[in-house]
Protein chains: 2
Amino acid sequence: MKNLTMLVDFYEFTMANGFYVHGHKDTKAVFEMFYRKNPDRGGYVIAAGLEQLIDFVSDMHFTEEDIDYLRKKRIFDEGFLDYLKEFRFRGTIEAVPEGTIVYPGTPLVTVTGNVIECQLLETFLLLTINHQSLIATKANRICRAAGDGIVMEFGARRAQGPDAAVLGARAAYIGGCHATATVLADQMYGVNAIGTMAHSWIQFFSSEEEAFRAYAETYPDDCTLLIDTYDIIKGAQCAVKVAKEVLEPKGKRLKGVRIDSGDLAYFSKKLRALFDENGMEDCKIVVSNSIDEWLLNSMKTQGARIDSYGIGERLITAKSDPVFGGVYKLVAVEEEGKLTPRIKISENEEKITNPGKKVLWRLFNKTSGIGYADVLTLEEEHLDEGGSFYVIDPKKPWKHILIDNSVAVRLQKTIFDNGKLVYNKPRLEDIRKYVKDQIENTVWEEELRLENPHVHYVDLSEKIYQIKSQMLQEAGKKLN
Amino acid sequence: MKNLTMLVDFYEFTMANGFYVHGHKDTKAVFEMFYRKNPDRGGYVIAAGLEQLIDFVSDMHFTEEDIDYLRKKRIFDEGFLDYLKEFRFRGTIEAVPEGTIVYPGTPLVTVTGNVIECQLLETFLLLTINHQSLIATKANRICRAAGDGIVMEFGARRAQGPDAAVLGARAAYIGGCHATATVLADQMYGVNAIGTMAHSWIQFFSSEEEAFRAYAETYPDDCTLLIDTYDIIKGAQCAVKVAKEVLEPKGKRLKGVRIDSGDLAYFSKKLRALFDENGMEDCKIVVSNSIDEWLLNSMKTQGARIDSYGIGERLITAKSDPVFGGVYKLVAVEEEGKLTPRIKISENEEKITNPGKKVLWRLFNKTSGIGYADVLTLEEEHLDEGGSFYVIDPKKPWKHILIDNSVAVRLQKTIFDNGKLVYNKPRLEDIRKYVKDQIENTVWEEELRLENPHVHYVDLSEKIYQIKSQMLQEAGKKLN
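Residues numbered from 1 in each chain as written. Chains lettered and ligands numbered in written order. Predicted model: local features only at pLDDT ≥ 70, side-chain atom pairs only at ≥ 80, totals over all residues. Heavy atoms only, no water.

- Named according to an unreviewed UniProt entry, chain A is Nicotinate phosphoribosyltransferase originating from Lactonifactor longoviformis DSM 17459.
- In UniProt, chain A has this text filed under Pathway (unreviewed entry): "Cofactor biosynthesis; NAD(+) biosynthesis; nicotinate D-ribonucleotide from nicotinate: step 1/1."
- Regarding chain A, the UniProt comment filed under Sequence similarities (unreviewed entry) reads as follows: "Belongs to the NAPRTase family." (UniProt positions renumbered as here; feature names shortened; annotations may be inferred.)

Below is the structure:
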C-alpha cells in the first residue's frame, strides 16, 4: 500500500503545529467518530473500512520530502517539523468491528492519544469509514431487496477513482454482494471476480449468431450470452439456437443470458417462457442497467423472472445518497492529569455533541435475541454485569427506562493499545457472514424496511445525561 | 504510481481470450468513448482525467503474479496467457485535451488498435475520464455560481476512497476551484493546499477566546477563525476582540472568519456589519456546510455577504448527480484489411451508436469567436480547409444546414501513436486556464445556464449520416 499519511486536511497541520507551540504535544484528548443520519432514510448502517484505517495508522510516518514540503509553507515551527520526523501513532483506538450494524449518534471509532496524533489521522479515518460504510450499507439494501437473487457488483467504470472501484467492491461484498466484475478487488481482497462479454463482442463478429457461437465454443462450461445488442427477443431465440447446436450436443447447458437495456421486467417474463418451452429451465436470466433497491422491488412486484442482477453505477457511487456524513469530534481533553468532557454547541441543534469518552453497548433481549437498543455509558459503568438499570432516551428525558431481561454487549474492540496493534483483522468472508448473521437474527425486522423504518433506540446512561445537561446549562449561562 | 493494469472488468479478459483463440489477436478495431447526458441537466462537460489514462497506458503490463491469478481461473488459453506476458499497448489513442468543453454524443477518446488492447484498457479509460470529468464539471458549475468569490475544495473526508479525494481535488482545480484542503493533492499535483482550524481547536481550549488568542499568536499573518463552535454572534464579537488585542497591536489584521453552521446568508450580513463597524472591512467571511451551486445562487439572491466558500461533500461526490455515464463503444472492425463501421442497436433508442471512426470538429463563428456547433465527420473529410459545407442535425435530418463564416477546429489530439506517447501533458495550471478561457470567450452564454441551457448542436456530416441510415435499414431488414 502506498503511504497515505499526507492524505490529510491542511488544517490538521496548522492545528497540530499550534498545539505543539503552545506546549500541548503530550496533552491527551479523546475524539469520537459517529454519524447523524442513516443513508437513504434507512434504519441502520453497516460499519466498514476499518481494515484500511488499521493499515494507514500502522504506516503513519513523514518522509524527508513531506517535511520539506511543509517547511516551504513557512508557517510551521522547526521544533514541530522535527517532531514529525519521529512521529508514529502511539495512541489507543477502539472501534466496532467491520460489518457491525450501527446507528446514528453512536461512536464507531474512538481515538485516545495526544491531541496531535488524534488530529493527524482525522481525515483518513473519516474518509475510509465514511466511504466503505456507505457502500456496504447500500449493497446490503440492494441484496435484501434481491432476496434469493444473486447480486454482482459491476460498477468500476463509474466509480469515483480507482480506489472507489476496488474498495467499493470490497465494501459491496461485505454488504452482501456475491461477486464483482473488478479483477483487482479479487486479487487484493478475494472478492470473486466474474464476467462474460460486452456488446463489443457481439458487434465485433459479422452476426450475433457468429458471436454467440464463438463464445459458446470458447466457454462451454460457463456460457452467459448478452442478448440485447440488436433485438432482445431475436437475441434470445439466437441464444436458444446456439445452446441447441453448440452446447447441448457436447452435453453442456447454456448457463444464462444477460439483458442490459429495454423493459427488463417485461422481457424477463417473455424470455423465461421462451427458455422453458425449449427445455432450458436452468438457463438463468441476468439483468443490468442502472438498477438499485427501488427498481429491484418494483420489478419483483411486476412478477419479473430474474435470477441475478449486475449492479453498477447506483451501487458503486451510492447514487441516491452518495455522501455518508460521519464526523470526528473532540469529546474530552486532559486537564491536570484528568480527562475532562468537552461539548460542541451549534446553531444547528443536531450538531450538538454528547460530551465525554463513552462506551457503546448493545442490549439484546434474552428471549428473542434481538439487539433492540444501544446505550452510551461512561467508562466506569459496567452494564455487562447484568442485573437491571435505568437509561434515558435523550429525546424523552422525562422517561427513565428500566432495562431488564437483557444482555448488554460492549460493541467496540481495542484495535491499537498505546500504539500497538492488538487486533486480529478478520477475514473478509467472516465480515460478510457477520453482517448476514446480524440481519437474519439480531436486527429488528422493523429496522430493515427500506423506508420509514423503526428508529433504533440510542439511550444515555443517567450519568452521561446529567453531564450533558449540566454542560449545556453552563454554556448557556456563559453565553448570556 | 501503482500498476493498475489489473483494475479491469473480468469480461475484458474473457473477451480478449476469446478473440485470441479465434485468431483475432491482430485484428484492428476502433472504440470511441462518449457520453449521453450532461450532469445536473447542464449544458456542457469539462473533459478531465486524461493524464491518469496516459500514465495507466504507459505502464500497462502483466506480472507473473497476474498471469498466475488468471491461470487459476482455468478458463484461459495458455497461448493467451503467454501473449499477456509480452503485452504492451501498441495502439493509437486520440483524445480531446483535458479541460476541453465537450458535449453529449461526441468522442472524447478514440482508441485504434488490435481488439485485445482496445478491450483491456476500457475499464480504466472509462473510470478516469468519467470520474474527473464529473468533478471538474461540478466544480465549474459551483465556481461560476460563486462569481468573484473564492472557492476552496474541502471534501476529502467525504470522498469515495483515497483517490477520489486526491484526484477529485485535481479535477476540482481544473474546473476552477482556487485551492484544496487535501495536502496530498498539493504534493502530487500542485493544487495549493490551505486550512486553518476545526471545531476541535476551539473545544480544546478552556474558552473560545483562549483558542482564538492561541491561533492568532501562532499565525498572525494568516489568521482565519472558526466562530460557530458555541454561538455565531458571540464568536464574531470574540474574533473582533482578539483582532484588536492580539493582531492589530502587531500591525496585523484578522484575515477572516469561517461559519460552518446556522443560517449562512443571515449571519454573513450580520457579521459584515459588525466587522465594518469595527473598521475591519478587510476581514473576509468564509462559509462552509453542504454548499453547492444551487445554495450558492440562493444565498446571492438573499444578498449574502460572503467572500469565500469551502465546498465539501457536494462537490467531491458530485452529490446531486454522482454518476457520469461515459461509455466505450466499438465503432469499426478490420475486415479484409479495411476498417468497416459497426453499429449497436438497442431497445433504448438513445443507446444506438453512430457507426464508424469519426473526427470531432468544433465550428467557431469567425465574427464572434463562439464555438457554436460540433460536427462529426469521416476521417477523409477535412473541414478545416475552410469554405462552406453541409451538415445534418440527426434530430432534424430533413434540414441540410449550410455552414459558412466559420472556422472548423479538430478537437482531438494524438496521444499515443502506435504505442508511442507523442503528446506532452500540459501543466495543471494551463489546463485550468484553458477551461477559464473557453467559458469566458468561446462558449455560448446560453449553454452556461445551470438549468435549461441551450442544447449544443452536434451535427453529422452527410456521409456519416448516410452510413448510419443505411446500417439501421439493413439491420432492420435482417431482424424481420
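Next comes the rest of the description.
## Some details on the overall build of chain A
Here comes step 1: Of the regular secondary structure elements, chain A holds 16 helices and 21 strands.
Here comes step 2: In terms of its C-alpha atoms, chain A occupies a principal-axis envelope of roughly 85 × 60 × 40 Å.
Here comes step 3: Burial status across chain A gives 62% buried among its 480 residues.
Here comes step 4: Restricting the contact set of chain A to residue pairs at least 6 apart, pairs at least 24 apart contribute 74%.
Here comes step 5: Within the structure as shown, chain A displays about 17,900 Å² of accessible surface, and the carbon and sulfur contribution to it stands at 47%. (Helix = DSSP H or I, 4+ residues; strand = E, 2+ residues; numbered from the N terminus. Buried < 20%, exposed > 50% of the residue type's maximum accessible area, 1.4 Å probe, protein only. Contact = heavy atoms within 4.5 Å. Areas by Shrake-Rupley, 256 points an atom, 1.4 Å probe, with all protein chains shown as cover.)

## Quick notes on the sheet that holds strand β9 (residues 256-259) of chain B
Here comes step 1: In space, the six strands of this open sheet follow the order β7-β6-β11-β10-β9-β8 (chain B), with parallel pairing throughout. Two strands close off the open sheet at either side, each with one partner strand: β7 (179-180) and β8 (224-226) of chain B. (Pairing = 2+ DSSP bridges.)

## Overview of the interface of chain B and chain A
Accessible area lost when the parts come together is the quantity often used to give the size of an interface.
Here comes step 1: Tallying the contact residues gives 110 residues for chain B and 109 residues for chain A.
Here comes step 2: Between chain B and chain A, roughly 9,100 Å² of surface is buried when both sides are summed, and carbon and sulfur atoms account for 58% of that area.
Here comes step 3: At the boundary of chain B with chain A, the tally comes to eight salt bridges.
Here comes step 4: Of the charged contacts in the structure, one is a salt bridge between R157(B) and E122(A), with a shortest N-O distance of 3.0 Å.
Here comes step 5: Taken together, the connections running from chain B to chain A amount to 61 residue pairs in polar contact (both at pLDDT 80 or more).
Here comes step 6: At 10 residues, the largest contribution of residues to the side of chain B that touches chain A is made by helix α1 (residues 10-21) of chain B.
Here comes step 7: When its residues are assigned to classes, the side of chain B that touches chain A shows 52 nonpolar, 32 polar and 26 charged. (Buried area = accessible area lost by both parts, 1.4 Å probe. Salt bridge = Lys/Arg side-chain N within 4 Å of Asp/Glu carboxyl O. Polar contact = N/O pair within 3.5 Å; in protein donor to acceptor, adjacent residues only side chain to side chain. Nonpolar A, V, L, I, M, F, W, Y, C, P; charged D, E, K, R; others polar.)

## A short note on the packing of helix α11 (residues 232-247) of chain B against helix α12 (residues 264-277) of chain B
Helix-helix packing is described using two parameters, namely the angle between the two axes and the distance between the axes.
Residue and element names in this part refer to chain B.
Here comes step 1: Running from amino to carboxyl end, α11 crosses α12 at an angle of 25°, the nearest separation of the two axes being 11 Å. If you check the angle between α11 and α12, you find them roughly parallel. Here the hand of the crossing between α11 and α12 comes out right-handed. Facing α11, whose interface residues are I232, I233, A236, Q237 and V240, α12 presents F267, K270, L271, L274 and F275.
Here comes step 2: Of the residues that constitute the contact of α11 with α12, the class distribution is eight nonpolar, one polar and one charged. (Axes fitted to C-alpha atoms, helices over the stretch in contact; angles between N-to-C directions. Parallel < 35°, antiparallel > 145°, perpendicular 65-115°, else oblique. Left-handed = near helix turned anticlockwise from the far one by under 90°.)

## Section: the packing of helix α1 (residues 10-21) of chain A against helix α4 (residues 78-85) of chain A
Residues and elements named next belong to chain A.
Here comes step 1: Interaxial distance between α1 and α4 falls to 9 Å at its minimum, and their mutual angle equals 110°. By the criterion of interaxial angle, the relationship of α1 to α4 is roughly perpendicular. Here F13, A16, N17 and Y20 of α1 lie close against α4, whose contacting residues are G79, F80, Y83 and L84.
Here comes step 2: Residues belonging to the contact of α1 with α4 are distributed by class as follows: six nonpolar, two polar and no charged.

## Re the sheet that holds strand β15 (residues 371-378) of chain A
All names here are of chain A.
Here comes step 1: Taken in spatial order, the six strands line up as β17-β16-β21-β15-β14-β18 in an open sheet, and their pairing is mixed. Edge positions in the open sheet fall to β17 (400-403) and β18 (406-410), since each of these has one partner strand only. Across this sheet, the average inter-strand angle for adjacent strands is 40°, counted without regard to direction.
Here comes step 2: With seven bridges joining them, strand β14 (residues 358-365) and β15 adopt antiparallel strand pairing. Residue pairing for β15: W361 is matched across the bridge by V375.
Here comes step 3: In this fold helix α16 (residues 462-479) packs onto β14, β15, β16 (389-392), β17 and β21 (457-461), with an angle of close to 80° to the strand it touches most, β21.

## Some details on the domain arrangement of chain A
Residue and element names in this part refer to chain A.
Here comes step 1: According to the domain assignment, chain A consists of domain 1 (10-131 + 325-479) and domain 2 (136-316).
Here comes step 2: The distance between the C-alpha centroids of domain 1 and domain 2 comes to 40 Å.
Here comes step 3: Taken residue by residue, the interface counts 22 residues in domain 1 and 22 residues in domain 2.
Here comes step 4: Of the roughly 1,900 Å² buried between domain 1 and domain 2 on both sides combined, carbon and sulfur atoms contribute 56%.
Here comes step 5: Considering only the surface of domain 1 that becomes buried against domain 2, L428, R432 and L450 emerge as the three largest contributors, covering 37% of it.
Here comes step 6: Residues D40 and R141 are paired through a salt bridge, measuring 3.7 Å at the closest nitrogen-oxygen approach.
Here comes step 7: Viewed at the interface, domain 2 and domain 1 are joined by 14 residue pairs in polar contact (both at pLDDT 80 or more).
Here comes step 8: Examining the composition of the side of domain 1 that touches domain 2, we find that six residues originate from one element, helix α15 (residues 428-441), more than from any other.
Here comes step 9: A breakdown of the residues in the side of domain 1 that touches domain 2 according to their chemical character gives 11 nonpolar, five polar and six charged. (Domains from an automatic or database assignment.)

## Considering the side chain of T182(B)
Here comes step 1: With respect to the element layout, T182(B) can be found in the loop between β7 and α8 (183-189).
Here comes step 2: Judged by relative accessible area, T182(B) falls into the buried class, the value being 0%.
Here comes step 3: Residues within four places of T182(B) in sequence aside, it is in contact with L7(A), V8(A), D9(A), E153(B), A156(B), A165(B), V166(B) and A193(B).

## Observations concerning the state of the cysteines
All names here are of chain A.
Here comes step 1: Scanning all chains against the criterion turns up zero disulfides over all chains.
Here comes step 2: Sulfur of C177: no disulfide; nearest cysteine sulfur belongs to C143 and is 4.1 Å away.
Here comes step 3: Taking relative accessible area as the criterion, C177 reaches 0% and is therefore assigned buried.
Here comes step 4: The thiol of C223 is unpaired, and the distance to the nearest cysteine sulfur, on C283, comes to 9.0 Å. (Disulfide = S-S within 2.5 Å.)

## Focus: the pairing of strand β1 (residues 28-34) of chain A
Residues and elements named next belong to chain A.
Here comes step 1: Burial analysis of β1 places six of its seven residues in the buried class, the great majority of the element.
Here comes step 2: In this sheet, strand β5 (residues 109-114) lies alongside β1 in antiparallel orientation, the contact comprising six bridges. In the sheet register, K28 faces β5, and the bridge partner there is N114.
Here comes step 3: With six bridges connecting them, β1 and strand β12 (residues 327-335) associate as antiparallel partners. Note that in β12 the partner of F34 across the bridge is V327.

## Regarding the packing of aromatic side chains
How two aromatic rings sit relative to each other is given by the distance of their centres and the angle of their planes.
Here comes step 1: This model, assessed by the stated rule, comprises 44 aromatic pairs over all chains.
Here comes step 2: Over the face of the ring belonging to Y173(A) we find R432(A), whose NZ or CZ atom lies 4.6 Å from the ring centre.
Here comes step 3: Seen from the ring of Y189(B), R170(B) lies directly overhead, with NZ or CZ sitting 5.7 Å from the centre. (Phe/Tyr/Trp six-rings, centres within 6.5 Å; stacked < 30°, edge-to-face > 60°. Lys NZ or Arg CZ within 6 Å of the ring centre and 35° of its normal.)

## What about the pattern of salt bridges?
Residues and elements named next belong to chain B.
Here comes step 1: Tallied over the entire structure, the rule returns 74 salt bridges over all chains.
Here comes step 2: Between D222 and K255 there is a salt bridge, and its shortest N-O distance comes to 3.0 Å. With D222 in the loop between α10 (208-218) and β8 and K255 in the loop between α11 and β9, the pair connects residues that are 33 residues apart, well separated along the chain.
Here comes step 3: Judged by its relative accessible area of 44%, K255 falls in the partly exposed class.
Here comes step 4: With a shortest N-O distance of 2.8 Å, R342 and E335 are connected by a salt bridge.
Here comes step 5: Under the relative-accessibility criterion, R342 is labelled buried at 8%.

## So, the relation of the copies chain B and chain A
Here comes step 1: Mapping chain B onto chain A leaves a residual RMSD of 0.0 Å; the transformation is a rotation of 180° accompanied by 0.0 Å of translation along its axis. With respect to symmetry, the two chain copies, as superposed, fit the operation of a two-fold axis. Of the C-alpha atoms belonging to chain B, the one lying closest to the rotation axis is found on D163(B), 2.8 Å away. (Least-squares fit on C-alpha atoms with pLDDT ≥ 70 in both.)

## A few points about unusual backbone geometry
Residue and element names in this part refer to chain A.
Here comes step 1: With phi around 60°, R74 is a residue other than glycine that occupies positive phi space.
Here comes step 2: Tracing the backbone shows R74 in the loop between α3 (64-71) and α4.
Here comes step 3: Unusually for a residue other than glycine, A318 sits at a positive phi of about 50°.
Here comes step 4: You can call A318 buried: its relative accessible area is 0%.

## Some remarks on helix α13 (residues 293-301) of chain B
Residue and element names in this part refer to chain B.
Here comes step 1: All buried positions along α13 are accounted for by E293, L296 and M299. The arc enclosing the buried residues of α13, seen along the axis, measures out at 125°, which places them on a common side.
Here comes step 2: Those residues of α13 that are buried are in contact with α6 (122-146), α12 and β11 (308-311).
Here comes step 3: Two to three positions downstream of the cap, the backbone nitrogen of W294 sits 3.1 Å from a side-chain oxygen, assigning the N-cap of α13 to D292.
Here comes step 4: Downstream of α13 by one or two residues, G303 has phi in the positive range, about 75°. (Arc of directions from axis to C-beta.)

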